[in-house]
Amino acid sequence: MEKMIHGNKIHVLIFPAGEVNAAELHDALCSCVNIEVYGASSEDRHGRFLFKNYKTGLPNISDGSFMQEFNRVLDEWQIDFIFPTHDTVAEYFASCRNMLHAGVICADSRTAHICRDKRLAYELFQGEGFCPEIYSGFDRLPVFMKPRRGQGAIGAKLINSRQDVPAGLDLNDYVICEYLPGEEYTVDCLTDRHGSLTAVMPRSRQRLLAGITVRGKDETLTEEIRRIASCINEKLGFLGLWYFQIKKDVHGKFKLLEVSARCAGSMCLSRALGVNLPLLSVYAACGRSIEVIQNPYHVMADRTLLSRYRIDYIYDRVYMDLDDTLIIQDKVCLPVIRFVYQCRNCGIPVCLLTRHNDSHHDSDTECLSRHAVSTDLFEQIISLGAGEEKPDYIKPEGSIFIDNSYQERKKVFDRHHIPVFDVEGMEVLADWRS
């Protein structure tokens, strides 16, 4: 491996760090041993639940103090590269990259500007077979109107009749194009440091939520899609990941919807095929040669809301049951064992309180061994005898208790008034920051 920027780590900042595509960048990079991931935002959103290294409250990019404050963060964290996650931020960073104290993984300024304005993009590709017809008004219906500088389908609308046209509409802020009734694809792309198109990965958009694909699958890379990607790459200047969206017209021919110079919210589907576009983008920005290996299978992704939690109770000791808690139906409970390792990583001791020996043919340690769970994970393994109660063995200060049994939880809560959790409560205790 070539020399890294900080010893053996590349410091990468994701900004803003609160939305879906920021989570994809985090997930793609956080387990890479040669990358340290940071997140920062102007508004406090989901990032604090996700990033181990996180700052919020930065000025907006339109604020006169933004550059000074942002560079202070870059210097403090010794950031090498910035991943912008919003089209306006990408456009801003691309235009002032010489003022930033870190590199920007983004297209050049001209490209970022064109990607931010759909009218400019359509003007650039006018005459290409994949450019949709653009109209100056609503004389020909149906048509589709969308903001020049919009994202996530906000403000976009199908116009079937004059009555559908919003009152007081300023046409200069919108583009009006032909209605495209067919399949819609997003095409994830990667451009190397020489400007060569290295990856073209189409995926269908089968179900959307707020403009983001929540169900999609990889699709065959056809010569038509490859030609569109090549043309866009030739006329614009990308570095690393980017994407474009296309939709079929009434004749089944793909037409361009938009091009973006940032990470897509559902780029995880390409990563599911073994192609980590964010990581390869970092390497391209470092000046390294990159290549793509795509796994030989098809994949469908389906997503729903994911909950992450923070509680204001600080615990430094965990008491936990064995049967039907750590081991359920003769299998290791994955959320519970994950939490045990989370505690180990944080230096929080875990103590097993179990009645296993009274109700099973094997001992508690034999049960753990049979399930390949090391006894070294636990500070103590306390086997209760007949008539003994779990609250008797708990030191309550800074402790929590985990047990599937309501009666056991109630005894501990009534005696010690500490937080008690059933197995489903592991979701509340999970710390996803990395």
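What you see is a predicted model, and the numbers here were worked out from it, not measured in a lab. The numbers attached to residues start from 1 for each chain and follow its sequence in the written order. With the structure being a predicted model, the display of local features is reserved for residues of pLDDT at least 70 and the display and counting of side-chain atom pairs for 80 or more, all residues being used for whole-chain, interface and lining totals. Calculation of side-chain values draws on the structure's entire complement of heavy atoms; hydrogens and water are dropped beforehand.

Participant: Where do I start with the environment of Y309 in this structure?
Facilitator: Strands are runs of DSSP state E lasting at least 2 residues, helices are runs of H or I lasting at least 4, and numbering of each runs from the N terminus. Among the secondary structure elements, Y309 is positioned in the loop between β15 (300-302) and β16 (317-320). For the pair Y309 and W432, spaced 123 residues apart in the sequence, the C-alpha separation amounts to 9.3 Å. Residues are treated as being in contact if the distance between any of their heavy atoms lies within 4.5 Å. If sequence neighbours within four positions are ignored, Y309 has contacts with F49, E427, V428 and A430.

Participant: Which parts of the structure should I look at to understand the nonpolar core?
Facilitator: One recurring pattern in soluble globular proteins is that nonpolar side chains are buried together. The biggest cluster of nonpolar side chains holds 51 residues, and the ones touching the most others in it are F70, I232 and F244. The element that contributes the greatest number of residues to this core is helix α2 (residues 66-77), accounting for 6 residues. Leave out the neighbours within four places in its chain, and F70 touches L13, F15, L58, I82, F93 and L100. Membership of the second largest hydrophobic core comes to 37 residues, among which are Y54, F81, I105 and L273. To qualify as a nonpolar core, a set must consist of buried Ala, Val, Leu, Ile, Met, Phe, Trp, Tyr and Cys residues joined through side-chain atoms within 4.5 Å. Using a 1.4 Å probe on the protein chains alone, a residue whose accessible area is under 20% of its type maximum counts as buried, one over 50% counts as exposed, and one in between counts as partly exposed.

Participant: I'm lost on the sheet that holds strand β21 (residues 399-402) in this one. Help?
Facilitator: Strand pairing in a sheet relies on backbone hydrogen bonds. The paired strands run either parallel or antiparallel. Should DSSP find at least two bridges between two strands, the strands are taken to pair. Across the sheet, 5 strands lie side by side as β20-β19-β16-β21-β22; this open sheet has parallel pairing. Of all strands in the sheet, those with a lone pairing partner are β20 (380-383) and β22 (420-421), marking the two edges. With 3 bridges joining them, β16 and strand β19 (residues 350-354) adopt parallel strand pairing. Pairing of V318 across the sheet is with V350, part of β19.

Participant: Just checking my understanding: could you explain the pattern of salt bridges for this structure?
Facilitator: Where side chains of opposite charge bring their charged atoms close, a pairing between them can arise. By definition here, a salt bridge exists when the distance from a side-chain nitrogen of Lys or Arg to a carboxyl oxygen of Asp or Glu is within 4 Å. A complete count under the given rule lists 35 salt bridges for this structure. The salt bridge partner of R203 is D188, with a shortest N-O separation of 2.8 Å. Separated by 15 residues along the polypeptide, R203 in strand β11 (residues 197-209) and D188 in strand β10 (residues 184-191) bring together distant segments of the chain. The partner of R317 in a salt bridge is E379, with the nearest N and O atoms 2.3 Å apart. You can see R317 sitting in strand β16 and its partner E379 sitting in the loop between α11 (364-370) and β20, a full 62 residues away along the chain. For E379, a relative accessible area of 45% corresponds to the partly exposed category.

Participant: How do you make sense of helix α4 (residues 109-116) when you look at a structure like this?
Facilitator: Because each turn of an α-helix spans 3.6 residues, side chains separated by three or four positions end up pointing in the same direction. Those residues of α4 that fall on the buried side of the exposure criterion are T111, A112, I114, C115 and R116. Looking at the buried positions of α4, the neighbouring elements they touch are α3 (87-95), α5 (118-124) and β14 (254-260). Here a polar contact means two N or O atoms within 3.5 Å. Within protein one must be a hydrogen donor candidate and the other an acceptor candidate, and residues neighboring in sequence count only if both atoms are side-chain atoms. A side-chain oxygen of the first residue of α4 lies 3.4 Å from the backbone nitrogen of R110; this N-cap is D108.

Participant: Hey, could you run me through α3 in this one?
Facilitator: Residues of α3 that are buried include every one of D87, V89, A90, E91, F93 and A94, and no others. Contacts from the buried residues of α3 go to β1 (10-15), α2, β4 (81-84), β5 (103-104), α4 and β14.

Participant: So what exactly am I meant to see when it comes to the pairing of β21 here?
Facilitator: Regular strands show a simple pattern: their side chains alternate between the two faces of the sheet. Residues of β21 alternate between two faces, with S399 and F401 on one and I400 and I402 on the opposite face, all of them buried. Pairing geometry for β16 and β21, over 4 bridges, is parallel. Among the inter-strand pairings, Y319 is bridged to a residue of β21, identified as F401. Across 2 bridges, the pairing between β21 and β22 is parallel. Residue pairing for β22: I402 is matched across the bridge by F421. Note on handedness: a crossover is taken as right-handed if, strands pointing away from the viewer, the path from the first strand over the helix to the second is clockwise. Read as a crossover between parallel neighbours, the route from β21 over helix α12 (residues 406-416) to β22 is right-handed.

Participant: Could you clarify how one ought to interpret the sheet that holds strand β7 (residues 143-147) in this entry?
Facilitator: Reading across the sheet, the 4 strands line up as β6-β9-β7-β8 and stay open at both edges, with antiparallel pairing between neighbours. Both outer strands of the open sheet, β6 (134-135) and β8 (157-159), are each paired with one neighbouring strand and no more. Taken together, the 2 bridges between β6 and strand β9 (residues 174-178) define a ladder with antiparallel strand orientation. When the bridges of β9 are listed, Y135 appears paired with I176.

Participant: Would you mind going over unusual backbone geometry with me for this structure?
Facilitator: Most peptide bonds adopt trans geometry, and most residues besides glycine take a negative phi value. Of note, the bond from F15 into P16 is cis; its omega dihedral lies within 30 degrees of zero at -15°. Following L141, the chain continues to P142 via a peptide bond in cis, the omega torsion being 0°. Topologically, P142 is positioned in the loop between β6 and β7. Positive phi values are uncommon outside glycine, yet D324 reaches one of about 65°.

Participant: Sorry if this is basic, but what is going on with the state of the cysteines here?
Facilitator: Should the sulfur atoms of two cysteines be covalently bonded, the bond is a disulfide. What counts as a disulfide here is a pair of cysteine sulfur atoms lying within 2.5 Å. Counting across every chain of the model gives 0 disulfides. Lacking any disulfide linkage, C286 is separated from the closest cysteine sulfur, that of C32, by 12 Å. For the unlinked cysteine C367, the closest cysteine sulfur is that of C333, found at 13 Å. Note on C367: relative accessible area 2%, which makes it buried.

Participant: Just checking my understanding: could you explain the packing of aromatic side chains for this structure?
Facilitator: Aromatic rings considered in pairs are described by the distance between their centres and by the relative angle of their planes. Classification of ring pairs rests on two measures: the distance between centres of Phe, Tyr or Trp rings, Trp counted by its six-membered ring, which must be within 6.5 Å, and the angle between planes, read as stacked under 30 degrees, edge-to-face over 60 and tilted in between. Evaluation of the coordinates by the stated rule reveals 15 aromatic pairs. Consider the rings of Y185 and F254, whose centres lie 5.0 Å apart with planes at 45°: the pair is tilted. Pair noted here: Y185 is in strand β10 and F254 is in strand β14, with a separation of 69 residues, a long-range link. As far as burial versus exposure is concerned, Y185 and F254 are alike and both buried. Three or more aromatic residues joined by ring pairs make a cluster, and in this case those are F15, F66, F70, Y92 and F93. In this structure, R338 is placed above the aromatic ring of W432, and the distance from its NZ or CZ to the ring centre is 4.1 Å. Look at NZ for Lys and CZ for Arg. If either is within 6 Å of the ring centre and within 35 degrees of the ring normal, a charge sits over the ring.

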